[in-house]
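Residue-level listing of the chains:
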Amino acid sequence: MAEPPSAERPSRPEKVALVTGSLAEPRLAKIAGDIADASLDPVVVSVGVKVAALMTAEIVERRLKIPEGTDRVLMPGRFRGDLERLERFFGVPFARGPDEVADLPDYFGLERRAVDLSKHDVTIFAEIVDATRMDIPALIERARFLKGEGADVIDLGCLPDTPFPHLEDAIAALQAEGLRVSVDSFDPAELARATRAGADFLLSLNETNLDIAKEGAAVPVLVPAKQGDLDSLVRAVEACLASGQPFYADPILDPIHYGFTPSIVRYAELRRRFPDIPMLMGIGNVTELTDADTTGINALLMGMISELRIQAVLAVQVSPHCRTAVREFDRARREFYAARQAGALPQGFGGGLMALRDRKPHAASPEDIARLASEVRDRNFRIDVAADGIHVYNRDGHQIADEPFALFPHLGVEGDGAHAFYLGVETARAEIAYKLGKRYAQDEGLKWGAAGEIAGSPEAAHRLTFKEAGTTLAAKKNKGEAE
């Protein structure tokens, strides 16, 4: 029986031509078979050169034969040719894929999910702990830096028994910079001065001095009157709810071995009692007072904040090992928000907190590298990292070792200082990647997530992008070698 004309026919999968050279063709064909599904039909197209990344647009125009029915063409990530020119020539959309063939599954996964890291729902308070001792220009400089790291509110930390005569001027100067300001003090007089001077927030009021909030418009952050006294905090919360006073509530996160676990329970209990109140978590007692990398700590704390719908965090970065805490939390709040909105685990949403390890540390297997090495016919050194060590190879040989000094005697560069220096730098990077389990790519620096770089917007930083040609590729990139 004929199908009615109005019946909806199943749409065909998108046909994507994956352009490659002869060296990568077998491996790419295997990956293409793995990622093909009802929505994607990847077709491997070799252009007859060894390394497709070194082609020019002219070579592509001359050699590429696009299969019939192709919806778009994906070039290698390191291809530097003019994509718009190729689109005009072939009449099909062109794009760059990931730098490494091994990343194609992730590339298509990100396309389908379209991760957006521009949104979050957590306000970051960043504390200047010794604000009392800093003059106005120094405070402005520090505040600008913290804002660049992701801070939304600059918290002026007051020191015990230390006068802060320029408190009012500091608040005015920071607000003139367009910044919101909080003041953190145990001195009621300083808190009163702060709210009268127009501070946006006060840290930290409790049930005994809550009246200070009536002296100005500053929003108080409520804490227990005594350490660990949740009932005291509850009474302060109820007083603010009754009077209509805006507030945040902070049960106080305690250091490990000094009440850390009970303090986590207090956050959960406060949220259970008051499902909708604004809450804040100060993380410094854990990040600053624990000898551990802050990326992992911030990920766990952000997990609690995300599940409990805590709306604000107070971060400090005083200890040298915490120097990127604000930046890390900015990334964490974006990735976890995106994951929560997607109803997903916090995996595959940018990896900004993956500083020391990579989920896929090796772009190629030892067997893949051995096959590539056997086909190399020039003297240029290639460097790769696989599960069995650091690979260095050219037409004269293929060496494998777990550290650079074991490789050097076999490379034949004793009389070439510049080349020896280059190989030393690259094999040192490769050694770090091998020992830590990080991804290595020749002529590129290792990637350290949010802990190691801040360039670019958070919503773009996670994407698989291409880089300018490095010192090896740049030297080889010409038509003759590509062919």
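Summarised in this report is the structure supplied together with it. (Residues numbered from 1 in each chain as written. Predicted model: local features only at pLDDT ≥ 70, side-chain atom pairs only at ≥ 80, totals over all residues. Heavy atoms only, no water.)

### Overview of the nonpolar core
Here's step 1: L156, L222 and L270 are the most contacted members of the largest nonpolar core, which has 66 residues in total.
Here's step 2: When residues no more than four places from it in sequence are discounted, the contact partners of L270 are L230, L233, V234, A249, P251, I277 and M279.
Here's step 3: M55, V60, F79 and V92 belong to the second-largest nonpolar core, a separate cluster that totals 18 residues. (Core = buried A, V, L, I, M, F, W, Y, C linked by side-chain atoms within 4.5 Å. Buried < 20%, exposed > 50% of the residue type's maximum accessible area, 1.4 Å probe, protein only. Contact = heavy atoms within 4.5 Å.)

### Structural notes on the sheet that holds strand β13 (residues 382–386)
Here's step 1: Pairing is antiparallel across the open sheet formed by 3 strands, whose spatial order is β13-β14-β15. Only two strands of the sheet have a single partner each, and these edge strands are β13 and β15 (397–401). Within the sheet, the average angular offset between the axes of one strand and its neighbour, ignoring direction, is 20 degrees.
Here's step 2: Where helix α13 (residues 366–375) meets the sheet, its contacts fall on β13, β14 (389–394) and β15, and the angle it forms with β14 comes to roughly 15 degrees.
Here's step 3: Lying over the sheet, helix α15 (residues 417–436) contacts β13 and β14, oriented at roughly 10 degrees with respect to β13. (Pairing = 2+ DSSP bridges. Helix = DSSP H or I, 4+ residues; strand = E, 2+ residues; numbered from the N terminus. Axes fitted to C-alpha atoms, helices over the stretch in contact; angles between N-to-C directions.)

### Looking at the pattern of salt bridges
Oppositely charged side chains may form a pair once their charged atoms are brought near each other.
Here's step 1: Considering all chains together, one arrives at 32 salt bridges under this definition.
Here's step 2: Among the ionic pairs, D71 bridges to R12, the shortest N-O distance being 2.8 Å. One end of the pair, D71, is in the loop between α2 (57–63) and β3 (72–75); the other, R12, is in the segment before β1 (14–20), with 59 residues separating them in the sequence.
Here's step 3: Since its relative accessible area comes to 29%, D71 is described here as partly exposed.
Here's step 4: Here E149 and R327 are joined by a salt bridge, their closest N and O atoms 3.2 Å apart. Linking E149 in helix α5 (residues 136–149) with R327 in helix α12 (residues 325–341), this pair joins segments that are 178 residues apart in sequence. (Salt bridge = Lys/Arg side-chain N within 4 Å of Asp/Glu carboxyl O.)

### Things to note about the sheet that holds strand β9 (residues 219–222)
Here's step 1: Across the sheet, which stays open at both edges, the 8 strands sit in the order β10-β9-β8-β7-β6-β5-β12-β11 with parallel pairing between neighbours. Among the strands making up the open sheet, the edge pair consists of β10 (248–249) and β11 (280–282).
Here's step 2: In the sheet, strand β8 (residues 201–205) pairs with β9 via 4 bridges, with the strands oriented parallel. Its bridge partner lying in β9, F201 is registered against V219.

### Quick notes on the packing of α5 against helix α6 (residues 167–176)
Here's step 1: Between α5 and α6, the least distance of the axes is 10 Å, while the angle of their chain directions is 40 degrees. Relative to α6, the element α5 lies oblique. The two elements α5 and α6 cross, and the hand of that crossing is right-handed. Within the contact between the two elements, α5 uses I136, L139, I140 and A143 and α6 uses D169, A170, A173 and L174.
Here's step 2: For the contact of α5 with α6, a count of residues per class yields 7 nonpolar, no polar and 1 charged. (Parallel < 35°, antiparallel > 145°, perpendicular 65-115°, else oblique. Left-handed = near helix turned anticlockwise from the far one by under 90°. Nonpolar A, V, L, I, M, F, W, Y, C, P; charged D, E, K, R; others polar.)

The analysis is restricted to geometry; functional conclusions fall outside its scope.
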